[in-house]
Amino acid sequence: MFDLGFDVNILPRKTWEALGRPRLTYSPIQLRMANQYYIVPIGRLEEFKVNVVGVKTYTNFEFIDIMGDKYPYPALLGID
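Predicted model only: the values in this text are computed from it and were never measured. (Residues numbered from 1 in each chain as written. Predicted model: local features only at pLDDT ≥ 70, side-chain atom pairs only at ≥ 80, totals over all residues. Heavy atoms only, no water.)

1. Some details on the overall build of the chain
Phase 1 of the analysis: For the chain, the count of helices and strands is two helices and five strands.
Phase 2 of the analysis: Along the chain, helices and strands appear, N-terminal first, in the series β-α-β-β-β-β-α.
Phase 3 of the analysis: Here the chain, with 80 residues, has 25% of them falling under the buried criterion.
Phase 4 of the analysis: For the chain, long-range pairs separated by at least 24 residues make up 41% of all intrachain contacts whose partners lie at least 6 apart in sequence.
Phase 5 of the analysis: Accessible surface for the chain amounts to roughly 5,900 Å². Of this, 53% is attributable to carbon and sulfur atoms. (Helix = DSSP H or I, 4+ residues; strand = E, 2+ residues; numbered from the N terminus. Buried < 20%, exposed > 50% of the residue type's maximum accessible area, 1.4 Å probe, protein only. Contact = heavy atoms within 4.5 Å. Areas by Shrake-Rupley, 256 points an atom, 1.4 Å probe, with all protein chains shown as cover.)

In structure tokens, the structure reads:
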């Protein structure tokens, strides 16, 4: 799930692997999450074609590592 209205589109490493590990480019950004924790993406997938309810567009995705299994997205949710 993603929201093309955000400033950045974030997906986990597992999704990148499920996509067949397409070539990533260097990501020059740091992501500051709700809990003020900084994450450096593992890379950027540029100009990826997406289809949302029949609307086709291209967007970039930043891929990150998940921090743990108990709370898989703690930094995204602001959970320490």
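2. A look at the side chain of R44
Phase 1 of the analysis: Structurally, the position occupied by R44 is in strand 4 (residues 43-52).
Phase 2 of the analysis: There is a polar contact of 2.6 Å between the side chain of R44 and the side chain of E62.
Phase 3 of the analysis: Aside from chain neighbours lying at most four places away, what touches R44 is R23, L24, T25, Y26, S27, P28, I29, N60, F61 and E62. (Polar contact = N/O pair within 3.5 Å; in protein donor to acceptor, adjacent residues only side chain to side chain.)

3. Some details on the sheet that holds strand 5 (residues 55-64)
By way of backbone hydrogen bonds, the strands of a sheet pair with one another, either parallel or antiparallel.
Phase 1 of the analysis: What the three strands build is an open sheet, ordered 1-5-4; its pairing is mixed. Strands with a single pairing partner mark the edges of an open sheet, and in this sheet they are strand 1 (10-12) and strand 4. Averaged over all neighbouring strand pairs, the angle between strand axes comes to 45 degrees, with direction disregarded.
Phase 2 of the analysis: Two strands pair when backbone bridges link them, and strand 1 and strand 5 are joined in this way by three bridges, in the parallel orientation. Within the sheet, the bridge partner assigned to I10 lies in strand 5 and is E62. (Pairing = 2+ DSSP bridges. Axes fitted to C-alpha atoms, helices over the stretch in contact; angles between N-to-C directions.)

4. Focus: the confidence of the model for the chain
Phase 1 of the analysis: Scored by pLDDT, the chain comes out at a mean of 79, with 72% of its residues at no less than 70.
Phase 2 of the analysis: When the elements of the chain are averaged for pLDDT, helix 2 (residues 74-77) gives the smallest value, 53, and strand 4 the largest, 92. (pLDDT = per-residue confidence, 0-100.)

5. Quick word on the pattern of salt bridges
Phase 1 of the analysis: Considering all chains together, one arrives at three salt bridges under this definition.
Phase 2 of the analysis: Residue E17 is joined to R21 by a salt bridge in which the shortest nitrogen-to-oxygen separation is 3.3 Å. (Salt bridge = Lys/Arg side-chain N within 4 Å of Asp/Glu carboxyl O.)

6. Quick word on the nonpolar core
Phase 1 of the analysis: Among the nonpolar cores identified, the biggest contains six residues, and these are L11, W16, L45, V50, F61 and F63.
Phase 2 of the analysis: Residue assignment for this core shows that the elements contributing at least two residues are strand 4 and strand 5. (Core = buried A, V, L, I, M, F, W, Y, C linked by side-chain atoms within 4.5 Å.)

7. Brief notes about the pairing of strand 5
Phase 1 of the analysis: Relative to strand 5, strand 4 is paired through eight bridges, and the arrangement is antiparallel. Residue pairing for strand 5: V50 is matched across the bridge by T57.
Phase 2 of the analysis: Joining the antiparallel neighbours strand 4 and strand 5 is a turn of two residues, in which V53 adopts a positive phi near 50 degrees.

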